[in-house]
Protein chains: 2
Amino acid sequence: MIPEDHPRYRSLVARERIAACARHGVVALEGVAAHGRGEAFDYLIGETTTESAARAEQTAAALLLAAAHPVISVNGNTAALAADGVAALQRACGAAVEVNLFHRTESRIEKISAILGKAGARVLDGEAERLLPLSHDRALCLRNGIYAADVVLVPLEDGDRCAALRDMGKTVIAIDLNPLSRTARTASLTIVDELTRALPRITGACETLTPGERERLVFGCDNTVFLREALDEMTRRLCHALD
Amino acid sequence: MIPEDHPRYRSLVARERIAACARHGVVALEGVAAHGRGEAFDYLIGETTTESAARAEQTAAALLLAAAHPVISVNGNTAALAADGVAALQRACGAAVEVNLFHRTESRIEKISAILGKAGARVLDGEAERLLPLSHDRALCLRNGIYAADVVLVPLEDGDRCAALRDMGKTVIAIDLNPLSRTARTASLTIVDELTRALPRITGACETLTPGERERLVFGCDNTVFLREALDEMTRRLCHALD
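In this text the structure is predicted, and so the values were computed from the model without any measurement.

## Brief notes about the overall build of chain A
Consideration 1: Along the backbone of chain A there are ten helices and seven strands.
Consideration 2: In terms of overall dimensions, chain A is globule-like: its C-alpha atoms have a radius of gyration of 17 Å, near the 18 Å expected for 243 residues.
Consideration 3: Counting only C-alpha atoms, chain A reaches 55 × 45 × 35 Å along its principal axes.
Consideration 4: Buried residues in chain A amount to 56% of all 243 residues.
Consideration 5: Taking all contacts inside chain A whose residues are at least 6 apart in sequence as the whole, residues at least 24 apart take part in 65%.
Consideration 6: Total accessible area on chain A stands at roughly 10,500 Å², and carbon and sulfur atoms take up 51% of it.
Consideration 7: Once the 28 positive and 33 negative side-chain charges of chain A are each reduced to a mean point, those two points are 1 Å apart.

Here you go:
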């Protein structure tokens, strides 16, 4: 058991949860490694939501509320760490929830859908079709889900798929701790924050932002500014790390 | 199959190798996440051996050659990625090789010893005893191995164990891509480089350094300088990442 007053309690609990879900086949081994990469970048922003990330989270809420057909794309890591957070955000913004996996098997789709359902999310089902401009099974998604969406929230997404969604003209909101990743650079809006910190803030903003604030946030959204601010924060912390 | 001309070929091959070894029980799930953290920091030094790391690798060779009883401590990730490299370094510097695991089971010890043996390393065996000043099984090591060593090379080591070895008066050489980790700060010498790049360079230096060069390197070894240089390199790259 990790003591609750451990300074890195949340990070250690998340790591245990990812490992447990990997043992049960919910998280792919590649997902475990990806979680480790995320931990490293989270460490560099101090394992806290920066002021810049908080603004990105408000902007995400504004984009989701302004959408005609918003969809939250959920993979194994997201379900493992934040099924409750996904369900709460769905209630707050009315988005559809679609399970979409890079390492796709029917067994994983079912397990992840069950975790989300248990947390209270309504999960789209149906026959996935090859509708994204990508090779192999990475092209699979639901016709009435991601394919029809105008705004897609993709926590922890692969770079190729993020680019494909952008090429289809969609607004893509990524949650990615690495501000240098292809996903982070390609998305319409990148939230450089840890998933379980980010989702409740997006949900909270959905519930509290006024229409005027929402309009200003959507209008002022500039992803390069958010990425620059995240890099500046990491640089600042690295510079002072040995002082 | 990953194409050999892929710019990140080595990194992707290493990741696949870690995942395959996790499926076979050689690498622990925690080791998969740790590998991901390493990937993130490696990305920040450009996935290349910096001039500073090359000097640290020469210093490591000098320390190993000057030792009375050098030991290379090998865990699951090290065996998965660099069994050949460990065997070659053992031939070059005459160190003993001991399997020492954080997530210790007899089954993993046997599997890892077999991988090392197949690569040509001579692996210490015997009954592990609780000889390190640590709680639980993390205290286990061999009396004629790490316990008796004056210089220990610990690729990818845990911070507590690194500190315990230092407290016992040993010279500890760590290979750790995170210059901010407790291991990196506690070790006598930290090589901020990726394992499969670092080991052949240490081996090469063992074979080519003159006695005079070795003496100068041992005398001039200052770990804070190596850590500072690694952080400077990461900061420099982050600053220019979006230019």
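Having seen the model, we can carry on.
## A short note on the relation of the copies chain B and chain A
Consideration 1: When chain B is brought onto chain A, the operation consists of a screw motion whose angular component is 180° and whose axial shift is 0.0 Å, with 0.0 Å RMSD remaining. In short, the pair behaves as if placed about a two-fold rotation axis.

## Looking at the pairing of strand 5 (residues 151–155) of chain B
Residue and element names in this part refer to chain B.
Consideration 1: Burial analysis of strand 5 places five of its five residues in the buried class, which makes it a mostly covered element.
Consideration 2: Neither face of strand 5 is open: one carries Val 151, Leu 153 and Pro 155, the other Val 152 and Val 154, and all of them are buried.
Consideration 3: Note that strand 5 and strand 6 (residues 171–175) share five bridges and pair parallel. Bridged to Val 152 within strand 6 is Val 172.
Consideration 4: In terms of handedness, the path from strand 5 via helix 6 (residues 159–167) over to strand 6 forms a crossover that is right-handed.

## Overview of the pattern of salt bridges
Consideration 1: On inspection of all chains with the given rule, the structure shows 34 salt bridges over all chains.
Consideration 2: Here B:Glu39 and A:Arg37 are joined by a salt bridge, their closest N and O atoms 2.5 Å apart. Remark: A:Arg37 occurs in helix 2 (residues 29–44) and B:Glu39 occurs in helix 2 (residues 29–44); the pair is interchain, linking two chains.
Consideration 3: Overall, B:Glu39 belongs to the buried group, its relative accessible area being 6%.
Consideration 4: Using a relative accessible area of 22% as the deciding quantity, one classes A:Arg37 as partly exposed.
Consideration 5: Several salt bridges share partner residues, and in doing so they unite A:Arg138, A:Asp158, A:Asp160 and A:Arg182 into one network.

## Some words on the packing of helix 2 of chain A against helix 1 (residues 9–23) of chain B
Consideration 1: It is the contact of helix 2 of chain A with helix 1 of chain B, at a shortest axis distance of 10 Å, that shows an interaxial angle of 125°. The orientation of helix 2 of chain A with respect to helix 1 of chain B, classified from their angle, is oblique. For the element pair helix 2 of chain A and helix 1 of chain B, the recorded crossing hand is right-handed. In this structure, helix 2 of chain A uses A:Leu29, A:Glu30 and A:Arg37 to contact helix 1 of chain B, whose residues at the interface are B:Arg15, B:Ala19, B:Ala22 and B:Arg23.

## A word on the interface of chain B and chain A
Consideration 1: Taken together, the contact between chain B and chain A spans 29 residues of the former and 29 residues of the latter.
Consideration 2: At the boundary of chain B with chain A, total buried surface from both sides reaches about 2,700 Å², with 71% on carbon and sulfur atoms.
Consideration 3: For the interface between chain B and chain A, the tally reads four salt bridges.
Consideration 4: Here chain B is connected to chain A by five residue pairs in polar contact (both at pLDDT 80 or more).
Consideration 5: Examining the composition of the side of chain B that touches chain A, we find that eleven residues originate from one element, helix 2 of chain B, more than from any other.
Consideration 6: A breakdown of the residues in the side of chain B that touches chain A according to their chemical character gives 17 nonpolar, four polar and eight charged.

Parameters and conventions
Residues numbered from 1 in each chain as written. Chains lettered and ligands numbered in written order. Predicted model: local features only at pLDDT ≥ 70, side-chain atom pairs only at ≥ 80, totals over all residues. Heavy atoms only, no water. Helix = DSSP H or I, 4+ residues; strand = E, 2+ residues; numbered from the N terminus. Rg over C-alpha atoms; globule rule 2.2 N^0.38 Å. Buried < 20%, exposed > 50% of the residue type's maximum accessible area, 1.4 Å probe, protein only. Contact = heavy atoms within 4.5 Å. Areas by Shrake-Rupley, 256 points an atom, 1.4 Å probe, with all protein chains shown as cover. Lys, Arg positive; Asp, Glu negative; His and termini not counted. Charge placed at Lys NZ, Arg CZ, Asp CG, Glu CD. Least-squares fit on C-alpha atoms with pLDDT ≥ 70 in both. Pairing = 2+ DSSP bridges. Right-handed = clockwise from strand over helix to strand, strands pointing away. Salt bridge = Lys/Arg side-chain N within 4 Å of Asp/Glu carboxyl O. Axes fitted to C-alpha atoms, helices over the stretch in contact; angles between N-to-C directions. Parallel < 35°, antiparallel > 145°, perpendicular 65-115°, else oblique. Left-handed = near helix turned anticlockwise from the far one by under 90°. Buried area = accessible area lost by both parts, 1.4 Å probe. Polar contact = N/O pair within 3.5 Å; in protein donor to acceptor, adjacent residues only side chain to side chain. Nonpolar A, V, L, I, M, F, W, Y, C, P; charged D, E, K, R; others polar.

Function cannot be inferred from these measures alone, as they are strictly geometric.
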